[in-house]
Each structure stands twice: as C-alpha cells, then as structure tokens.
Amino acid sequence: MDLKKVFDNNKKWISNKLAADPKYFEEMGKGQSPELLYIGCSDSRVTAEDLMGLGPGDVFVHRNIANMVISIDLNVMSVVNYAVDHLKVNHVVVCGHYGCGGVKAAMQSADLGILNPWLRNIRDVYRIHKDELKAFENEEQRYDRLVELNVKEQCVNLIKTAAVQKAYRDRNLKVYGWVFDIHTGKLIDLNIDFEGYLKNIMEIYHLD
Ligand code: CO
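The structure presented is a predicted model; accordingly, all values stated were derived computationally and were not measured.

Colleague: Explain the coordination of the cobalt ion residue by residue, including any values.
Modeller: Protein-derived coordination of the cobalt ion comes from Cys41 (SG), His97 (NE2) and Cys100 (SG), at a distance range of 2.1 to 2.3 Å. Donor residues for the cobalt ion, ordered by position in the chain, follow C-x55-H-x2-C. Of this pair, cysteine 41 sits in strand E1 (residues 36-41) while cysteine 100 sits in the loop between strand E3 (91-97) and helix H5 (101-107), and the two are 59 residues apart along the sequence. What makes cysteine 41 buried here is its relative accessible area of 5%.

So, in structure tokens, the structure goes:
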C-alpha cells in the first residue's frame, strides 16, 4: 500500500464532508458526546463505526486483541471509566467476531511469548465453559461458541466494575454483547441477560 494514497483520500474526505456540511469541522472541534462505548477486536476486518453506519462523534472506541476487558489492563479500564464516568455514555458494547485470530490462538497449545498472559484470559473463558465447549464435535462450531462465550464473559467483567454498577443505578446504563459475522457482514445481538448477570454478580462483586 502506498501511504501517499492515505493523504490523497484524506483530502477527498474533507471535501466530501464540507460539501455536505460547511460547518462540519467547526462543529466537530467543539467536543464530543458519544452515547455508545464500543469495545471490539483489533482485527482489520472488523471496523467499529463503519459496520454500524455511524461516523465521527458517535462512538467512543477501544479495540484490542479479542475484545478483552481485563481488570488490571490500565488501558481498557481507563477507557471504560472515562466513557462511563465523564462522557456519560448510556450503552456499552463488547463486540466479538467469528474467525477471531486471538480466540483461535487461545484454543491451541502453543507458546506465543508476550501474547501468553493476554490469551490466558481467553483460556480462562474456555475453562469456565469447558463442559459446553467439549460437547461440540464440530471444531468450527466450538470455535464460534467460544467467540460468543468470550463476549459474554467480557460483559460480565464490565459489570464487575464500579463505574458500570454506579451508572446502572444512576441512569440505567446497559451492557450489550454482540458478534460480527465476518462471513456475512451481519451484526448479531447475543441478547445477554444484563439484569440477570448484574444481580448474580452483585452478590460477590458489589462495589457501589
Ligand atoms: Co479478533
């Protein structure tokens, strides 16, 4: 890829935006008030705003390998706290995707160096749901299911945070688990039982 193309594209993008709204950048410079926090995978095929038909200013985004929410990861925790406490988003989404390389790597026994501690968190998801996953004879189906279960467990990790518990109490913030199907482009809502998880989690992880 010739990176000059990127700057040429940028010029065209500016012209298009200004043609549709001459005050576009003036407005954008005033600040942001997104309603949605999106936590997704770094995978180049899984864009955030684009697949949802949203644009600049609409979504606060965090992406890492396999869309993980790890309590000692200062990066994701800073994003969650800033988005929930300061930007006051009302929706927090964890979006996984079928064909996730991070999830695939966690299913294999290999020493992947610095990735080991990161993937360990996905292996923990596998361990928690071992019986259900082992019951699959089809490897692809097991892989897809682990992608879904990983999303659910990361939603649970979000619900364990004081920021989410407080925002739920104060303004009914909710957490959603979605999966992007890279084979069809479809965004699938896993319809996680947010209230049920919350009730269950509060017995042990109540912080607020
Ligand atoms: Co991925």
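Colleague: Break down the pattern of salt bridges for me, with residues and values.
Modeller: Tallied over the full model, the rule gives 11 salt bridges. Ionic pairing is found between lysine 30 and glutamate 27, a salt bridge with its closest N-O pair at 3.0 Å. The salt bridge involving aspartate 170 is made with lysine 166; its shortest N-O contact spans 3.3 Å. Highlighted residues: aspartate 170 and lysine 166, both in helix H9 (residues 162-171), separated by four residues, approximately one helical turn. Overall, aspartate 170 belongs to the partly exposed group, its relative accessible area being 46%. The partly exposed category is assigned to lysine 166, whose relative accessible area is 39%. A single salt-bridge network, built from bridges that share partners, covers Arg120, Asp124 and Arg127.

Colleague: Describe the side chain of aspartate 43, and please don't skip the residues or the numbers.
Modeller: Along the polypeptide, aspartate 43 turns up in the loop between E1 and helix H3 (49-52). Looking at aspartate 43, the relative accessible area reads 15%, which means it is buried. In this structure aspartate 43 touches Arg63 and His97, once residues within four positions along its chain are discounted.

Colleague: Which residues make up the environment of leucine 18, and what are the values?
Modeller: Considering the arrangement of structural elements, one finds leucine 18 in helix H1 (residues 4-20). Distance in space between the C-alpha atoms of leucine 18 and asparagine 64 is 32 Å, their sequence separation being 46 residues.

Colleague: Which residues make up the nonpolar core, and what values do they have?
Modeller: Among the nonpolar cores identified, the biggest contains 48 residues, and Leu37, Val92 and Val175 are the most heavily contacted of them. Of the residues forming this core, the biggest block, nine residues, is contributed by helix H8 (residues 139-159). Among all residues touching valine 175, those that are not within four sequence positions of it are Val92, Cys155, Leu158, Ile159, Val164, Ile192 and Phe194. Within the second largest apolar cluster, 10 residues are counted, among which are Val46, Val59, Cys95 and Phe180.

The rules behind the values
- Residues numbered from 1 in each chain as written.
- Predicted model: local features only at pLDDT ≥ 70, side-chain atom pairs only at ≥ 80, totals over all residues.
- Heavy atoms only, no water.
- Donors = N, O, S within 2.8 Å, 3.2 Å for Na, K, Ca; no water.
- Helix = DSSP H or I, 4+ residues; strand = E, 2+ residues; numbered from the N terminus.
- Buried < 20%, exposed > 50% of the residue type's maximum accessible area, 1.4 Å probe, protein only.
- Salt bridge = Lys/Arg side-chain N within 4 Å of Asp/Glu carboxyl O.
- Contact = heavy atoms within 4.5 Å.
- Core = buried A, V, L, I, M, F, W, Y, C linked by side-chain atoms within 4.5 Å.

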